[in-house]
Amino acid sequence: MNLSEQEQIRRASLDELRKLGINPYPAAEYKTNVFAQDILDNFDPEKNNFKEVCLAGRIMGRRIMGNASFAELMDSSGRIQIYVRRDDICPGEDKTMYNNVFKHLLDIGDIIGVKGHVFKTQMGETTVHVDEFTVLSKSIRPLPIVKEKDGVLFDAVTDPEMRYRQRYVDLIVNPQVRDIFRKRTQIIQSMRDLFNSKGYLEVETPILQPIPGGAAARPFITHHNALDMPLYLRVANELYLKRLIVGGFEGVYEFAKDFRNEGMDRTHNPEFTVMEIYIAYKDYNWMMSFTEEMIKKAALDLHGKTDIIYGDKVINLNPPFKRISMTDAIKENTGIDISGMNETELRAVCDKLNVPNTASMGSGKLIDELFGEKCEQNYIQPTFIIDYPTETSPLTKMHRSKPGVTERFELMINGKEIANAYSELNDPIDQMERFQDQLRLSEKGDDEAMFIDLDFIRALEYGMPPTSGMGIGIDRLTMLLTNQPSIQDVLLFPQMKPEKKTTVDPDEKYIEKGIPAEWVEPLKKLGFTTVAKLKEIEKAGKLANDLNGYNKKNKLGLSGLSPQAVEEWLK
């Protein structure tokens with residue numbers, strides 16, 4: 001393992017702590033009685049409250065000043081300054097805990113517990129005067145350096161590769177990120193409170209399914225060893241929730257993880273969170289009003305208002321939202337009325353407008369592509385797009401008065417689909433015919449066409465009451481309500497490509513190039529882990545200086561290098 005200089009120093013400090021009889025990873029409970037933010041919000045010097053506080057957190061900054069020092073401690077609520085005076089934490093003759101441990105063996109990133117009282121410094125900063133501290137966890141890998149003053153971050157860590165792959169570091173050094181995920185939980189709780197207040201039941205349905213039903217999507221497939229059968233990660237939980245409506249529940253909902261083996265971009269992740277709700281004796285008109293109520297409540301619970309900022313836009317989430325049919329939306333945005341057009345005519349419109357299409361697409365899919373390419377991004381303010389083609393809505397009732405379309409809506413906000421809902425199809429014969437239509441699309445090459453679920457048909461044959469259902473993407477809703485540009489910013493651990501492994505050449509390869517054996521390890525420590533990386537060197541003199549500095553700092557005792565000697569290596 002190649003350790004950086006800082007990692008080596010921290011491991012040496014770890015060993016020193018153990019030699020002093022200090023366990024750097026103690027097992028005992030550390031009982032805290034306050035959070036940093038509680039102190040900052042409520043300390044009153046005149047009341048002299050917070051006389052005995054005990055809190056724990058991570059050291060995020062230090063100012064060592066002889067017999068007294070300041071440090072910044074960060075817990076889950078925020079940061080607070082602490083004041084450590086040698087004679088307070090070491091009242092006896094032995095000053096080891098201050099002179100050795102606090103000043104030299106602790107580092108930024110270490111987790112400690114402190115006991116003491118609160119006061120205000122001459123500069124007016126609320127501070128914990130420490131009487132005792134305990135090492136709770138030694139950090140042996142240095143954090144990225146981020147500076148904060150008066151709540152403003154400087155040199156914030158912004159590299160997405162680091163932030164998303166090492167979310168634990170992102171949460172430490174970018175405290176505003178923690179706030180995003182607290183708000184995500186608030187959004188879910190707001191929705192849950194609304195549903196529970198109306199008597200709807202929260203349930204759980206299978207993630208591993210024999211048939212990936214409920215959505216037109218490409219599934220992930222796995223194998224069940226005990227049953228020796230293929231299973232699919234669910235693409236939706238719809239068909240199971242509707243089985244529960246058949247079983248007699250009037251309203252059921254689920255916050256679910258769904259999985260679709262498709263593309264990844266700023267609004268799509270293969271694993272995502274969705275909330276689906278189904279209410280008996282309702283239709284899609286009722287569900288539009290209910291969705292408005294739900295979105296408005298979430299905005300008020302999170303921000304106290306319905307006007308939200310997203311990027312450079314102000315979006316008003318106060319009902320009622322605009323409603324427009326898909327056909328009228330296409331006419332509104334392209335000037336072309338596609339009403340009554342057949343597949344050939346629709347394909348000609350797609351070609352005219354440069355909308356990508358394939359031979360496997362039927363009329364409904366062509367209409368959907370037209371809307372997606374030419375219309376969707378234009379609906380910034382909340383808009384219900386209603387009355388979708390039958391072909392793309394195989395689980396939806398036919399419209400009660402408009403032939404060729406279904407009673408379905410999608411809620412568009414900021415040019416993206418947020419929610420999808422239907423008047424649910426409960427005619428088992430019609431549903432079977434729709435599934436067979438999907439099978440024919442699959443045979444034409446549509447790899448997103450739905451499977452036939454015969455058990456769901458059997459459930460409908462027992463009778464499902466008129467029902468409306470709605471699904472809403474929690475990730476996209478969180479993006480909207482927290483002003484985040486990418487779905488990766490609202491997922492704690494987004495899917496990523498495998499991390500690239502660092503290649504390290506054996507010492508022999510360096511020696512073959514004429515590099516003395518004793519200089520191979522210093523070269524690797526400076527980052528030249530392969531001989532090929534030496535080709536990146538532009539100035540032999542700089543490398544010679546770096547190696548000589550490393551030699552001196554680590555007391556290796558090697559003879560000094562000249563730029564000419566390094567120049568020979570590089571040849």
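Parameters and conventions
Residues numbered from 1 in each chain as written. Predicted model: local features only at pLDDT ≥ 70, side-chain atom pairs only at ≥ 80, totals over all residues. Heavy atoms only, no water. Pairing = 2+ DSSP bridges. Helix = DSSP H or I, 4+ residues; strand = E, 2+ residues; numbered from the N terminus. Axes fitted to C-alpha atoms, helices over the stretch in contact; angles between N-to-C directions. Expected span 1.5 Å × (residues − 1). Buried < 20%, exposed > 50% of the residue type's maximum accessible area, 1.4 Å probe, protein only. Arc of directions from axis to C-beta. Contact = heavy atoms within 4.5 Å. Core = buried A, V, L, I, M, F, W, Y, C linked by side-chain atoms within 4.5 Å. Phe/Tyr/Trp six-rings, centres within 6.5 Å; stacked < 30°, edge-to-face > 60°. Salt bridge = Lys/Arg side-chain N within 4 Å of Asp/Glu carboxyl O. Parallel < 35°, antiparallel > 145°, perpendicular 65-115°, else oblique. Left-handed = near helix turned anticlockwise from the far one by under 90°. Nonpolar A, V, L, I, M, F, W, Y, C, P; charged D, E, K, R; others polar.

Some details on the sheet that holds strand β5 (residues 126-137)
And then number 1: Strand order in the closed barrel formed by five strands is β1-β2-β3-β5-β4, with mixed pairing between adjacent strands. Here the average twist between neighbouring strands, direction ignored, is 50°.
And then number 2: Of the strand pairs in this sheet, strand β3 (residues 79-85) and β5 are connected by four bridges, and their pairing is parallel. Its bridge partner being in β5, Val-84 is matched across the sheet by Val-130.

Comments concerning helix α1 (residues 5-19)
And then number 1: With 15 residues, α1 should cover 21 Å at 1.5 Å per step; its first-to-last C-alpha distance of 21 Å lies within 8% of that length.
And then number 2: Along α1, the positions that sit buried rather than exposed are Glu-7, Arg-10, Ser-13, Leu-14 and Leu-17. For α1, the buried positions fall inside an angular range of 120° around the axis, keeping them on one side.
And then number 3: Phi turns positive, to about 85°, at Gly-21, one or two residues after α1.

Quick notes on unusual backbone geometry
And then number 1: A cis amide bond links Pro-319 to the next residue, Pro-320, at an omega of 0°.
And then number 2: Here Pro-320 shows up in the loop between β15 (313-316) and β16 (322-325).
And then number 3: Phi at Asp-228 is positive, roughly 50°, even though this residue is not glycine.
And then number 4: Its location among the elements puts Asp-228 in the loop between β10 (221-224) and β11 (229-233).
And then number 5: You will see that Asn-414, though not glycine, has its phi angle at about 55°, which is positive.
And then number 6: Inspection of the secondary structure assignment puts Asn-414 in the loop between β18 (408-413) and β19 (416-423).
And then number 7: Looking at Asn-414, the relative accessible area reads 15%, which means it is buried.

Thoughts on the side chain of Thr-396
And then number 1: Along the polypeptide, Thr-396 turns up in the loop between β17 (383-386) and β18.
And then number 2: When neighbours within four sequence positions are excluded, Thr-396 is seen to be in contact with Thr-406, Glu-407, Arg-408, Tyr-422, Ser-423, Leu-425 and Arg-434.

Notes on the sheet that holds β17
And then number 1: Pairing in this open sheet of eight strands is mixed, and the strands run β8-β12-β13-β20-β19-β18-β17-β16 from one edge to the other. Each edge of the open sheet is held by one strand with a lone partner, namely β8 (201-202) and β16.
And then number 2: Where β19 lies against strand β20 (residues 467-473), five bridges are found, and the strand directions are antiparallel. When the sheet's bridge partners are listed, Asn-420 is paired in β20 with Gly-471.

Regarding the nonpolar core
And then number 1: If you look at the biggest cluster of nonpolar residues, it comprises 46 residues, and the most contacted ones within it are Met-191, Phe-195, Met-275, Ile-277 and Ile-472.
And then number 2: In terms of residue count, the dominant contributor to this core is helix α9 (residues 284-303) (nine residues).
And then number 3: Not counting residues up to four positions away in its chain, the partners in contact with Ile-472 are Met-191, Thr-273, Val-274, Met-275, Met-294, Ile-295, Ile-418, Ala-419 and Leu-477.
And then number 4: In terms of nonpolar packing, the next biggest core, distinct from the first, is built from 28 residues, Ile-39, Val-53, Ala-71 and Val-130 among them.

Some words on the packing of aromatic side chains
And then number 1: For the structure on display, the rule yields 13 aromatic pairs.
And then number 2: Relative to Tyr-83, the ring of Phe-70 lies with its centre 5.1 Å away and its plane at 45°, an arrangement referred to as tilted. Taken together, the residues span a long stretch of sequence, with Phe-70 in strand β2 (residues 68-74) and Tyr-83 in strand β3 at a distance of 13 residues.
And then number 3: The exposure class of Phe-70 is buried, given its relative accessible area of 15%.

Remarks on the pattern of salt bridges
Two side chains with opposite charge may pair up if their charged atoms get near one another.
And then number 1: Within this structure, the stated rule accounts for 38 salt bridges.
And then number 2: Among the salt bridges present, the one from Asp-258 reaches Arg-234, with a minimum N-O distance of 3.1 Å. Of the two residues, Asp-258 is situated in strand β12 (residues 251-259) and Arg-234 in the loop between β11 and α8 (238-246); the sequence distance between them amounts to 24 residues. This pair shows no difference in class: Asp-258 is buried, exactly as Arg-234 is.
And then number 3: Where Arg-400 meets Asp-283, a salt bridge forms, and the shortest distance between an N and an O atom there is 3.0 Å. Here Arg-400, found in the loop between β17 and β18, pairs with Asp-283, found in the loop between β13 (271-280) and α9; they are 117 residues apart in sequence, far enough to count as distant.
And then number 4: Beyond isolated ion pairs, a larger network of salt bridges with shared partners links Arg-163, Arg-167, Asp-170 and Asp-489.

Thoughts on the packing of α8 against helix α14 (residues 454-461)
And then number 1: Between α8 and α14, the shortest axis-to-axis distance is 9 Å and the interhelical angle comes to 25°. If you check the angle between α8 and α14, you find them roughly parallel. Crossing hand, α8 versus α14: left-handed. Across from Leu-239, Lys-242, Arg-243 and Val-246 in α8, the residues of α14 making contact are Asp-455, Phe-456 and Ala-459.
And then number 2: Looking at the contact of α8 with α14 residue by residue, the classes come out as four nonpolar, no polar and three charged.

Any link to function would need more than the numbers given here.
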